[in-house]
Amino acid sequence: MTATRLSDLPARGIDQHKVVPAANAGQPSRETLALNGGLVIDPATKAIAPNISMSVNNVLTSGDGPFSADGVDDLTALPFLYARWTNPTVRQLEQRLAALEGADDAVATATGLAAIGATFFTFLKKGDHLILSDICYAGANELARRILPDYGIEVTPVNMSRPEDVAAAFRPNTRLVHCESPCNPILRLTDLAAIAELARKHGALMSVDSTLATPVATQPLLLGVDLVIHSLTKFINGHGDALGGVVCGRKELVEKIRSRAGVYLGAAMPAMNAWLIMRGIDTLFPRIRTISESAAKIAAFLQGHSAVEAVTYPGLASHPQHDLAKRQMGMFGGILTFQVRDPGQMAQQLAERLKVVHYAFSLGHQRSIVVLLDTQEIMKSTYQLTGEQLEDYRRFAGHGVFRLSVGLEATDDLIVDLDQAISV
């Protein structure tokens with residue numbers, strides 16, 4: 001059988017070269033794009049569910065193909081040749097995510113951290129300057145602050161909730177501003193429109209890790225952000241069984257990432273992971289709605305519990321940036337944090353008593369997960385904040401914060417389980 005490209009097929013949704021933006025006149029809604037974006041009906045079997053193309057290589061239909069990606073402006077314009085460059089299943093995933101974010105295109109990677117690394121190593125070189133959110137995913141923070149300086153890249157960590165601090169951090173050699181909103185683990189927000197305006201003013205790009213918000217809650221590109229990054233391992237996959245990452249944005253930026261980091265760093269996404277993540281995206285909107293509703297009820301319950309000293313959730317009026325959350329987020333997500341008097345003792349108590357919620361790392365799965373993030377330990381291992389930046393962190397996290405990722409269990413069951421686990 002002759003090898004077939006996505007662009008050769010009668011696509012329902014998006015062909016290989018064009019992605020559908022966010023819904024407007026005549027365009028489907030993003031809820032529909034979560035199901036049909038990038039979907040291609042199998043030409044032989046007429047199967048609706050996406051195929052898994054596990055082949056590493058593909059037949060050359062013209063009898064010849066480029067040996068190297070060097071000098072190729074757009075790898076997706078070529079026939080499928082080699083899976084590290086492009087793969088039919090991964091390409092469908094990229095198109096669906098681009099559609100959800102209203103982006104021109106997207107490039108998928110093996111993990112969320114690989115997507116962040118691909119962005120850093122594509123747009124930063126020796127002598128450049130990165131402005132980094134002082135609180136962001138630990139892997140991204142450590143990559144930026146420990147590894148990038150080895151390559152002659154300057155890094156300035158800044159509290160992104162203070163636009164005046166971000167403005168003061170710009171230098172003539174600033175090329176990229178990277179933030180996270182809400183940030184992991186303290187759920188502090190970044191005013192994306194305000195920071196994007198600052199980046200444009202100084203001729204820099206802005207990237208945001210929007211993993212905790214998901215495309216359901218926030219569309220950063222509409223707020224002026226250049227590149228949106230997700231750890232697909234979390235809410236977008238939603239089942240805790242596949243690693244993945246993605247960068248979405250303008251075509252010229254995405255293709256630069258694909259032709260540099262995508263080809264030469266080698267962190268390609270496996271086809272099976274792409275298929276699993278697309279399966280998760282099918283239910284993304286109803287999952288995030290259900291999880292957000294449940295998280296709001298649990299946050300309110302914990303806020304009134306005698307064993308809990310503080311709760312942080314963007315949907316609570318007590319969140320210091322609640323007004324920004326209402327402007328920037330369509331819903332408030334499935335992550336909340338809470339503080340108690342003795343975090344170490346409570347961690348042991350939760351690990352022993354929980355029956356429905358799981359005491360474990362990671363987040364964004366179908367099952368609820370909680371874990372203690374000790375402030376002293378995380379400062380020693382990752383953030384190393386001092387002075388006003390440390391004080392701001394402690395306002396959100398105290399001596400230690402419990403991060404609760406709400407799943408799809410019945411809300412009442414989760415509340416009963418948390419109540420019996422945290423009560424004296």
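Scoring rules and cut-offs
Starting from 1, residues in each chain are numbered consecutively following that chain's sequence as written. Local features in this predicted model are restricted to residues whose pLDDT is 70 or higher, and side-chain atom pairs enter the listing and the counts only when it is 80 or higher, whereas totals over whole chains, interfaces and linings include all residues. Working from all heavy atoms in the structure, the side-chain values ignore hydrogens and water. Using a 1 Å grid laid over the protein atoms alone, points where a 1.4 Å probe fits but cannot get out form a cavity; open sets with protein on both sides within 12 Å along at least 5 of 7 lines form a pocket; any residue with an atom within 4 Å of a point counts as lining. Grid points are joined across faces, edges and corners, and a volume is the space filled by probe spheres set on the points. Here a strand is any run of E in DSSP of at least two residues, a helix any run of H or I of at least four, and the numbering for each starts at the N terminus. Residue ranges assigned to each domain were obtained from an automatic or database domain assignment. Here a polar contact means two N or O atoms within 3.5 Å. Within protein one must be a hydrogen donor candidate and the other an acceptor candidate, and residues neighboring in sequence count only if both atoms are side-chain atoms. Burial status follows relative accessibility: with a 1.4 Å probe on protein chains alone, a residue under 20% of its type maximum counts as buried, one over 50% as exposed, and anything between as partly exposed. Pairs of strands are assigned from DSSP output, requiring at least two bridges between the strands. For the charge count, each Lys or Arg is scored as positive and each Asp or Glu as negative, with His and the chain ends excluded. Counted as salt bridges are all cases of a side-chain nitrogen of Lys or Arg within 4 Å of a carboxyl oxygen of Asp or Glu. Joining through side-chain atoms within 4.5 Å is the link that ties buried Ala, Val, Leu, Ile, Met, Phe, Trp, Tyr and Cys residues into a set, and such a set is a nonpolar core. Any two residues having at least one pair of non-hydrogen atoms within 4.5 Å are treated as being in contact. Note on geometry: axes are C-alpha line fits, over the in-contact stretch for helices, and angles between N-to-C directions span 0 to 180 degrees. UniProt positions are given in the numbering used here, feature names are shortened, and annotations may be inferred rather than shown by experiment.

Details of the layout of surface pockets
1) Next: Taken as a whole, the second largest pocket spans an internal volume of roughly 390 Å³.
2) Next: Taken together, 21 residues form the lining of the second largest pocket, with A138, F361, L373, I378 and R403 sitting closest to its centre.
3) Next: For the lining of the second largest pocket, the secondary structure elements donating two or more residues are β11 (369–374) and α13 (375–383).
4) Next: At five residues, α13 tops the list of elements feeding residues into the lining of the second largest pocket.
5) Next: Among the domains, domain 1 (28–278) and domain 2 (283–420) are the pair contributing at least three residues each to the lining of the second largest pocket.

What about the environment of T45?
1) Next: Structurally, the position occupied by T45 is in the loop between α1 (30–36) and α2 (88–101).
2) Next: Among the polar contacts made by the side chain of T45, one reaches the main-chain amide nitrogen of A47 at a distance of 3.2 Å.

Quick notes on the pairing of strand β12 (residues 400–405)
Consecutive residues of a regular strand have side chains that alternate between opposite faces of the sheet.
1) Next: For β12, the buried fraction is high: six of the six residues fall into the buried class.
2) Next: Every second residue of β12 is oriented toward a common face, with G400, F402 and L404 on one face and V401, R403 and S405 on the other, all of them buried.
3) Next: The pairing of strand β9 (residues 335–340) with β12 spans four bridges and is antiparallel. Bridge assignment links F338 to a residue of β12, and that residue is F402.
4) Next: The pairing of β11 with β12 spans six bridges and is antiparallel. Following the sheet pairing, L372 is matched in β12 by F402.

Describing the side chain of E409
1) Next: Mapping E409 onto the fold places it in the loop between β12 and α15 (411–422).
2) Next: Buried E409, no salt bridge; nearest opposite-charge side chain is R367, N-O distance 6.1 Å.
3) Next: Here S368 takes part through its side chain, which lies 2.7 Å from a polar atom of the side chain of E409.

Remarks on the nonpolar core
1) Next: Ranked by internal contacts, the top residues of the largest apolar core, which has 84 residues, are L93, I298, L336, F338, L350 and F402.
2) Next: Residue contributions to this core peak at eight residues, all from helix α10 (residues 284–303).
3) Next: Taken domain by domain, this core gets at least three of its residues from each of domain 1 (28–278) and domain 2 (283–420).
4) Next: Setting aside chain neighbours within four positions, we find L336 in contact with L187, A295, I298, A299, L302, T312, Y313, F402, R403, L404 and V406.

Focus: the sheet that holds strand β8 (residues 308–312)
1) Next: Taken together, five strands build an open sheet; the order of strands is β8-β9-β12-β11-β10 and the sheet is mixed. Pairing within the sheet leaves two strands with one partner each, and these edge strands are β8 and β10 (358–359).
2) Next: Sitting on the sheet, α13 touches β11 and β12, and the angle it makes with β11 is about 75°.

Thoughts on the UniProt feature "modified residue: N6-(pyridoxal phosphate)lysine" (unreviewed entry) in the protein chain
1) Next: In the numbering used here, UniProt assigns the "modified residue: N6-(pyridoxal phosphate)lysine" (unreviewed entry) feature to K234.
2) Next: Within the fold, K234 resides in the loop between β6 (227–231) and β7 (245–249).
3) Next: Once residues lying within four places of it in the same chain are set aside, the contact partners of K234 are T211, S362, L363 and G364.

So, unusual backbone geometry
Most peptide bonds are trans, and most residues other than glycine sit at a negative phi.
1) Next: Each neighbour pair has its own omega, and for S181 with P182 the value is -10°, a cis peptide bond.
2) Next: Positive phi, close to 65°, is recorded for L187, a residue that is not glycine.
3) Next: For L187, the location among the structural elements is in the loop between β4 (174–180) and α6 (192–201).
4) Next: Residue S362 is not a glycine yet carries a positive backbone phi of 75°.
5) Next: Note that S362 resides in the loop between β10 and β11.

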